[in-house]
Amino acid sequence: MQRRRESSMHGGLWEFPGGKVEAGETIAGALVREIAEELGIGITPADLCQAGYADGAHLPVGEQSPVAITLFACRAWSGQPQCLDGEEIAWIAADALARLAMPPLDYPLAHQLLEFMAKEAKKSIAKTG
Ligand SMILES: Nc1nc2c([nH]c(=O)n2[C@@H]2O[C@H](COP(=O)(O)OP(=O)(O)OP(=O)(O)O)[C@@H](O)[C@H]2O)c(=O)[nH]1
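Here the structure is a predicted model, which means the values were calculated and not measured. (Residues numbered from 1 in each chain as written. Predicted model: local features only at pLDDT ≥ 70, side-chain atom pairs only at ≥ 80, totals over all residues. Heavy atoms only, no water.)

Looking at the UniProt feature "domain: Nudix hydrolase" (unreviewed entry) in the protein
Here comes step 1: In this structure's numbering, the residues bearing the UniProt feature "domain: Nudix hydrolase" (unreviewed entry) are residues 1-115.
Here comes step 2: Measuring from the first to the last C-alpha atom of residues 1-115 gives 18 Å, for a span that is 20% helix and 17% strand. (UniProt positions renumbered as here; feature names shortened; annotations may be inferred. Helix = DSSP H or I, 4+ residues; strand = E, 2+ residues; numbered from the N terminus.)

Now the structure itself:
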């Protein structure tokens, strides 16, 4: 997880690393670029698997968001993650994610990630068992 710069919108809150899709990019292509810019590691679209999606419809009634976020899991990368853009980065255990102070859409994403990981674990047990 990455803690946003204090001076930015949602400053000081923890979020999944990533960023906005630019004109002409695919969502996965934008993530490859953002992860290189923010963490200095190399990932490829082939290693990405969609793990979640959140937009304003996932927020409590009365709360709105102009933002829609697609969350990807990534199984492989090259290099060591460095904090190149945020205030700090940290590995967070999946079951501790929801206790972090995060922007609103990252809470439903964290919940979906837990479900995704549980399903992946079941598949892996089925394969090996
Ligand atoms: N992670 C996250 N970001 C949100 C939420 N709601 C919301 O408006 N945002 C905004 O969505 C934008 C995400 O873009 P970004 O990660 O590229 O962040 P940024 O604007 O600081 O980067 P930039 O300067 O490179 O454009 C941020 O401005 C962030 O504040 C939310 O619930 N979760």
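Having seen the structure, we can now continue with the description.
Some remarks on the pattern of salt bridges
Here comes step 1: Per the counting criterion, the structure on display carries nine salt bridges.
Here comes step 2: A salt bridge links Glu88 to Arg3, with the shortest nitrogen-to-oxygen separation between them at 2.8 Å. Of the two residues, Glu88 is situated in strand E5 (residues 88-89) and Arg3 in strand E1 (residues 2-3); the sequence distance between them amounts to 85 residues.
Here comes step 3: Residue classification places Glu88 among the partly exposed positions, given a relative accessible area of 33%.
Here comes step 4: Look at Arg3 and you get buried, because its relative accessible area is 16%.
Here comes step 5: Of the charged contacts in the structure, one is a salt bridge between Arg33 and Glu25, with a shortest N-O distance of 2.5 Å.
Here comes step 6: By relative accessible area, Arg33 is classed as buried at 18%.
Here comes step 7: Taking relative accessible area as the criterion, Glu25 reaches 25% and is therefore assigned partly exposed. (Salt bridge = Lys/Arg side-chain N within 4 Å of Asp/Glu carboxyl O. Buried < 20%, exposed > 50% of the residue type's maximum accessible area, 1.4 Å probe, protein only.)

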